[in-house]
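# Remarks on the overall topology
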Amino acid sequence: MALNKKQFSELKELVDKLNKDRSWILEQLDKGSWPQFRPDLASMERELGQLLTRATEFIEENC
């Protein structure tokens, strides 16, 4: 998958935004929000974190 500099920049921006959202979800879970959804949201947060880590590695390897 060949991406140009603008696409890499947009991808990095998206990853940064998603990482902020992931952090916000984790913060809310730590505060006790949505106890009925905690297991599902915690699982989603972990999977999103893994995806964002892989995306960041891809960006760093291909820039």
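See the structure printed just above.
Only a predicted model underlies this, so the values are computations on that prediction, with no experimental measurement involved.

### Thoughts on the pattern of salt bridges
Inspection of every chain in the model, using the stated rule, returns five salt bridges. Here Glu-10 and Lys-6 are joined by a salt bridge, their closest N and O atoms 3.6 Å apart. With Glu-10 and Lys-6 both in helix α1 (residues 5-30) and four residues apart, this pair spans about one turn of that helix. The partly exposed category is assigned to Glu-10, whose relative accessible area is 42%.

### Re the packing of α1 against helix α2 (residues 38-62)
Two elements in contact, α1 and α2, have axes separated by 9 Å at closest approach and are oriented at 155°. Put simply, α1 runs roughly antiparallel to α2. Between α1 and α2 lies a crossing of left-handed hand. Taken together, the residues of the contact of α1 with α2 break down into 15 nonpolar, four polar and five charged.

### Here's the deal with a nonpolar patch on the surface
Taken together, the side chains of Trp-24, Trp-34 and Phe-37 present a nonpolar region at the surface, about 320 Å² in accessible area. The topology assignment puts Trp-24 in helix α1. Assessed through its relative accessible area of 45%, Trp-24 is described here as partly exposed.

Reading guide: rules and limits
Residues numbered from 1 in each chain as written. Predicted model: local features only at pLDDT ≥ 70, side-chain atom pairs only at ≥ 80, totals over all residues. Heavy atoms only, no water. Salt bridge = Lys/Arg side-chain N within 4 Å of Asp/Glu carboxyl O. Helix = DSSP H or I, 4+ residues; strand = E, 2+ residues; numbered from the N terminus. Buried < 20%, exposed > 50% of the residue type's maximum accessible area, 1.4 Å probe, protein only. Axes fitted to C-alpha atoms, helices over the stretch in contact; angles between N-to-C directions. Parallel < 35°, antiparallel > 145°, perpendicular 65-115°, else oblique. Left-handed = near helix turned anticlockwise from the far one by under 90°. Nonpolar A, V, L, I, M, F, W, Y, C, P; charged D, E, K, R; others polar. Patch = residues over 30% accessible without salt bridge, like charges linked within 9 Å, V, L, I, M, F, W, Y side chains within 5 Å. Areas by Shrake-Rupley, 256 points an atom, 1.4 Å probe, with all protein chains shown as cover.

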